[in-house]
Amino acid sequence: MAAQLPSSSVNDTATNHRSARLVAIVAGLLGTILAIATPFLPVTQTTATLNWPQNNTLDSVDAPLIGYVATDLNITIPCSAAADLTGQRNVLLSTVPKQAPKAVDRGLLIERVNNELLVIVRNTPVVSAPLIDVLSPNCRELKFTAHADKVTGEFVGLTQDSDDPNPGEPRRGERGGYDFRPQIVGVFTDLSGPAPPGLAFSATIDTRYSSSPTLIKTLVMVLGLLMTIASLIALHRLDNADGMRHRRFLPQRWWSITKLDALVATLMVWWHFVGSNTADDGYILTMARVSEHAGYMANYYRWFGTPEAPFGWYYDLLALWAHVSTASIWLRLPTLLMGLACWWIISREVIPRLGVAVKHSRPAAWTAAAMFLAFWLPLNNGLRPEPIIALGILLTWCSVERGVATSRLLPVAVALIIGALTLFSGPTGIAAVGAVLVAVGPLKTIVAAHVSRFGYWALLAPVAAAGTVTLFLIFRDQTLVGEMQASSFKSTIGPSLAWFDEHIRYSRLFTTSPDGSVARRFAVLAMLLALALSIAMTLRKGRIPGTAIGPAQRMIGITVISFLSLMFTPTKWTHHFGVLAGLAGSIGLLFAGRLLGGLAAGDIGRQGRPVVEDDAAAQTLQRLVLRIAFDLDEIGLGKLEARIGDAGLKPAIIGQEQQALAVPVKPARRVNALDRDEVRQGRARRRRSAIGELREHAEGFVEQDQPGHGAPISRPDANVCKQLAPCSA
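This text gives an overview of the structure that appears in the document. (Residues numbered from 1 in each chain as written. Predicted model: local features only at pLDDT ≥ 70, side-chain atom pairs only at ≥ 80, totals over all residues. Heavy atoms only, no water.)

Remarks on the overall build of the chain
Alright, step 1. A tally of helices and strands in the chain yields 24 helices and 18 strands.
Alright, step 2. When each of the 729 residues of the chain is scored for burial, the buried share is 47%.
Alright, step 3. Sequence separation of at least 24 residues holds for 75% of the intrachain contacts in the chain that already meet a minimum separation of 6.
Alright, step 4. As displayed, the chain offers around 35800 Å² of accessible surface, 60% of which is attributable to carbon and sulfur atoms. (Helix = DSSP H or I, 4+ residues; strand = E, 2+ residues; numbered from the N terminus. Buried < 20%, exposed > 50% of the residue type's maximum accessible area, 1.4 Å probe, protein only. Contact = heavy atoms within 4.5 Å. Areas by Shrake-Rupley, 256 points an atom, 1.4 Å probe, with all protein chains shown as cover.)

Observations concerning unusual backbone geometry
Alright, step 1. Of the consecutive residues Trp52 and Pro53, the connecting peptide bond is found in the cis state with omega at 0°.
Alright, step 2. Considering the arrangement of structural elements, one finds Pro53 in the loop between strand S2 (48-52) and strand S3 (61-62).
Alright, step 3. At Arg122, a position not held by glycine, the phi torsion is positive, near 50°.
Alright, step 4. With respect to the secondary-structure elements, Arg122 resides in the loop between strand S7 (116-121) and strand S8 (124-130).

As for the sheet that holds strand S13 (residues 200-205)
Alright, step 1. If you walk across this open sheet you meet the 6 strands as S2-S13-S4-S9-S10-S11, and the pairing is antiparallel. Since the sheet does not close on itself, it has two edges, and those belong to S2 and strand S11 (170-176), each with one partner. Averaged over all adjacent pairs, the angle separating strand axes in this sheet is 10°, with direction ignored.
Alright, step 2. Of the strand pairs in this sheet, strand S4 (residues 72-78) and S13 are connected by 5 bridges, and their pairing is antiparallel. Looking at the pairing, Leu73 lines up with Ala203 of S13. (Pairing = 2+ DSSP bridges. Axes fitted to C-alpha atoms, helices over the stretch in contact; angles between N-to-C directions.)

Focus on the packing of helix H11 (residues 362-379) against helix H19 (residues 518-541)
Helix-helix packing: each pair is described by the crossing angle between the helix axes and the interaxial distance.
Alright, step 1. Where H11 meets H19, the axes come as close as 9 Å, and the angle between the chain directions of the two elements is 150°. Classified by the angle their axes make, H11 and H19 are roughly antiparallel. At the point where H11 passes H19, the crossing takes the left-handed sense. Contact residues: Met371, Ala374, Phe375, Pro378 and Leu379 in H11; Ala519, Arg520, Phe522, Ala523, Val524, Ala526, Met527 and Ala530 in H19.
Alright, step 2. Broken down by class, the residue content of the contact of H11 with H19 amounts to 12 nonpolar, no polar and 1 charged. (Parallel < 35°, antiparallel > 145°, perpendicular 65-115°, else oblique. Left-handed = near helix turned anticlockwise from the far one by under 90°. Nonpolar A, V, L, I, M, F, W, Y, C, P; charged D, E, K, R; others polar.)

Considerations on the sheet that holds S8
Alright, step 1. Strand order in the open sheet formed by 4 strands is S5-S6-S7-S8, and the pairing between neighbours is antiparallel. Among the strands making up the open sheet, the edge pair consists of strand S5 (89-94) and S8. Averaged over all neighbouring strand pairs, the angle between strand axes comes to 20°, with direction disregarded.
Alright, step 2. Where S7 lies against S8, 6 bridges are found, and the strand directions are antiparallel. The residue bridging Leu118 from the neighbouring strand is Ser128, located in S8.

Quick look at the pattern of salt bridges
Alright, step 1. Using the criterion set out here, one finds 17 salt bridges in the structure.
Alright, step 2. We note a salt bridge from Arg348 to Asp261, for which the minimum N-O separation is 2.7 Å. Here the residue Arg348 occupies a position in helix H9 (residues 333-353), and Asp261 occupies one in helix H5 (residues 259-274), the gap between them amounting to 87 residues. Side by side, Arg348 and Asp261 carry an identical accessibility label, which is buried.
Alright, step 3. In this structure, Glu401 and Arg353 form a salt bridge, with 2.8 Å as the shortest nitrogen-oxygen distance. Of the two residues, Glu401 is situated in helix H12 (residues 386-406) and Arg353 in helix H9; the sequence distance between them amounts to 48 residues.
Alright, step 4. Under the relative-accessibility criterion, Glu401 is labelled buried at 4%. (Salt bridge = Lys/Arg side-chain N within 4 Å of Asp/Glu carboxyl O.)

Comments concerning the side chain of Ser562
Alright, step 1. Following the sequence through the fold, Ser562 ends up in helix H20 (residues 549-565).
Alright, step 2. With residues near it in sequence (within four places) discarded, Ser562 still touches Ala431, Leu580 and Leu583.

A short note on helix H15 (residues 440-468)
Residues spaced three or four apart along an α-helix face the same direction, because each turn holds 3.6 residues.
Alright, step 1. Here H15 spans only 18 Å end to end across 29 residues, well under the 42 Å set by a 1.5 Å rise per residue.
Alright, step 2. Most pronounced at Val451, the bend in H15 amounts to some 115°. (Expected span 1.5 Å × (residues − 1). Bend = angle between axes of the 7 residues up to and from the residue.)

As for the packing of aromatic side chains
For any pair of aromatic rings, geometry is given as the distance between the ring centres together with the angle between the planes.
Alright, step 1. A full pass over the atoms with the stated rule returns 10 aromatic pairs.
Alright, step 2. Each ring, one from Phe563 and one from Phe577, has its centre 6.5 Å from the other, and the planes form 50°; the classification is tilted. Of the two residues, Phe563 is situated in helix H20 and Phe577 in the loop between H20 and helix H21 (581-595); the sequence distance between them amounts to 14 residues.
Alright, step 3. In this structure an aromatic cluster arises from ring pairing among Trp343, Phe372 and Trp376.
Alright, step 4. Between the NZ or CZ atom of Arg505 and the centre of the ring of Phe577, over which it lies, the distance is 6.0 Å.
Alright, step 5. Seen from the ring of Trp573, Arg508 lies directly overhead, with NZ or CZ sitting 4.0 Å from the centre. (Phe/Tyr/Trp six-rings, centres within 6.5 Å; stacked < 30°, edge-to-face > 60°. Lys NZ or Arg CZ within 6 Å of the ring centre and 35° of its normal.)

Structural notes on the state of the cysteines
Alright, step 1. Summed over the entire model, instances satisfying the criterion amount to 1 disulfide.
Alright, step 2. Residue pairing for Cys79: its cysteine sulfur links by disulfide to Cys139, the two sulfurs lying 2.0 Å apart. A torsion of -45° about the S-S bond marks the disulfide between Cys79 and Cys139 as left-handed. Placement of Cys79 in the loop between S4 and S5 and of Cys139 in the loop between helix H3 (131-134) and strand S9 (141-146) is noted, with a sequence separation of 60 residues between them.
Alright, step 3. A relative accessible area of 5% means that Cys79 is categorised as buried.
Alright, step 4. Of all cysteine sulfurs, the one in Cys398 lies closest to Cys342, which takes part in no disulfide; the gap is 9.9 Å.
Alright, step 5. By relative accessible area, Cys342 is classed as buried at 0%. (Disulfide = S-S within 2.5 Å.)

Details of a nonpolar patch on the surface
Alright, step 1. Where nonpolar side chains cluster on the molecular surface, the patch consists of Leu263, Leu267, Val269, Trp270, Phe273, Val274, Ile329 and Trp366 and spans about 720 Å² of accessible area.
Alright, step 2. Here the nonpolar patch gets 6 residues from one element, more than from any other, and that element is H5.
Alright, step 3. Classification of Leu267 by relative accessible area gives partly exposed; the value is 31%. (Patch = residues over 30% accessible without salt bridge, like charges linked within 9 Å, V, L, I, M, F, W, Y side chains within 5 Å.)

Focus: helix H6 (residues 281-294)
Alright, step 1. For H6, which comprises 14 residues, the first-to-last C-alpha distance of 19 Å matches the rise-based estimate of 20 Å (1.5 Å per residue) to within 8%.
Alright, step 2. Among the residues making up H6, those that are buried are Asp281, Tyr283, Ile284, Leu285, Met287, Ala288, Ser291 and Ala294.

Regarding the environment of Thr46
Alright, step 1. Note on placement: Thr46 falls in the loop between strand S1 (43-45) and S2.
Alright, step 2. The exposure class assigned to Thr46 is partly exposed, which follows from its relative accessible area of 48%.
Alright, step 3. Remark: the alpha-carbon pair of Thr46 and Tyr209, spanning 163 residues in sequence, is separated by 8.4 Å.

Here's the deal with the pairing of S7
Alright, step 1. Pairing analysis gives 6 bridges linking strand S6 (residues 108-113) to S7, with the strands arranged antiparallel. Considered in S7, the bridge of Val113 is made with Glu116.
Alright, step 2. Between S6 and S7, which pair antiparallel and follow one another directly, the connecting turn spans 2 residues, one of which, Asn114, has a positive phi of 55°.
Alright, step 3. The hairpin turn running from S7 into S8, its antiparallel successor, is 2 residues long, and Arg122 in that turn takes a positive phi close to 50°.

Quick look at the environment of Gly355
Alright, step 1. Take Gly355: it is sitting in the loop between H9 and helix H10 (356-359).
Alright, step 2. Placed 190 residues apart in sequence, Gly355 and Pro545 show a C-alpha to C-alpha distance of 9.5 Å.
Alright, step 3. Apart from the residues within four sequence positions on either side, Gly355 is in contact with Gly546, Thr547 and Ala548.

Here we look at the side chain of Glu502
Alright, step 1. Its place among the elements puts Glu502 in the loop between helix H17 (480-493) and helix H18 (503-508).
Alright, step 2. At 2.6 Å, the side chain of Glu502 and the side chain of Arg505 are in polar contact.
Alright, step 3. Leaving out residues up to four positions away in the same chain, Glu502 has contacts with Leu566, Met567 and Lys572. (Polar contact = N/O pair within 3.5 Å; in protein donor to acceptor, adjacent residues only side chain to side chain.)

Have a look at this one:
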């Protein structure tokens, strides 16, 4: 007796879908709300102060501040301490070494000059008193305070003399209207020995960014992550409701290695050891190593210790990686792995997606490898974030394309997560947004196809949670106010160039500096040429023949958006072009698949089929460069033009006597008059061709004497021969 196959009722399936729909809505909305609330939740700030004297002795200490100045400064010095200043010029206390260049211009100096005790901040006198009055019993102490709005100094117990502006008033001075806080690189004095009673120096260090999440913020982030994961699982269940078989995540082609793969990998490994890295690797490594002690990723090099957030998560990973070793070969190993991953994605995902013309074209694959390496080797061999951004752009595009190809939303949600991580890897990561923008039309179609069954909330809530989940990472230990202050500070300090200054980047590409090296210049110009020709062919024919229309147009679109997005970066350096490495290889595929597709198509030299012009722009370039036009197509009725024939052309097709319908062949502007024996043609696009009689007779543009063409060719009648050309005997 045959066993009964297990089955599920329609009611059970509908119940499961209702449950998944409910989870998708609730978990997606909670994940989104918690992610948006995270930047506004409180954090615990770590405070620090610099106190002196230490160990109760008058020893100078070095304490350079990354922010240069303290939040506030309070100094108390007993007047009796000035008795030990025996020289004509001695420092009682200073925040910079007196012998340092521009010490008076930058720091605070309390010093004896002849018979006066002066308090000078940034080369501005605050208060002074005769040394004899300072050492008198009336003087108790010198007090100095510094804040962002003003600095004050006072000799407590002394009054102004009759020659002063306010006789009898306390001997006190104040400076405001400018940030006079002194730069602090330590505490220095010419005195020695034990510290006198009452001497105190206290500087509150700016630690506004040294913070950690509170318990409530930690709980919110954990709960938000769990809700986002639950919503994505529910979205996957809704995607599977169509009953279609799940596609293997990594197809078999991912694990096969070709000669081209081996060559690319060998060149990248070799360059990893012998190639030059970027000029920023030194300070990036220092930032990563200091972050563990600072409590955050501080950019001391340019922006006075302000955090790299929201673009610092990639450097946090580098800081963990540097715990193993600080050798350059080890630190740049993730860069090498990201480069290999980019090539693997181009060769395994991008090439099959772009269509038959590139999938089966060896010249296209080799061109893609050359374009990719032309970008990667000179631009992406260091610690900068361009490599991970280049990888993120490719992964975002591939995830979107998988969603479009399978009509499912989970790949789109994954694309949003990858795109957000790419965006927050660096300012140039904004290019990843283009991968989603160019697919808005197909994505709307996917949502519309499912909305009647599940509704908008069930479909879009998980997607929104995926798009905002990155906020947990970016604001895990910072607040929105803190990061806004940091961004405002960076814009004020600069460099912060406007979008219309983008021409500076391209002008630097032609300078005699590392920014204008030949390697960088060649890579960018080659990509621009390939992009321009791809756009021209798309505009002329509506598509690049032989390629998939949607993916090819979206690849061109994201490349254009990536170039445009570079305008909105605050700096204009040419190493930012490194984010285009993956796109360069992909655009090289489209360009070479069209220009050189005939080399691998197998139709070169294959004769006996009438041919007609297919793309004048491409064939003109082919003939100029390679002396051959590869994109000749077979003659069909779709190629006919109702017009008067051009008498200047060499007739290749014999048609009507009156030439009311002429089909001239223009492989490269005009037929070469050298009477070559062989006509080379590329693979014709598959279409039914009307080859044969044009009212009376039609003769293919072939050579009778070539091998393999011994079959008799029907000879045109004499009248036609007389009109167009003498017939051979």
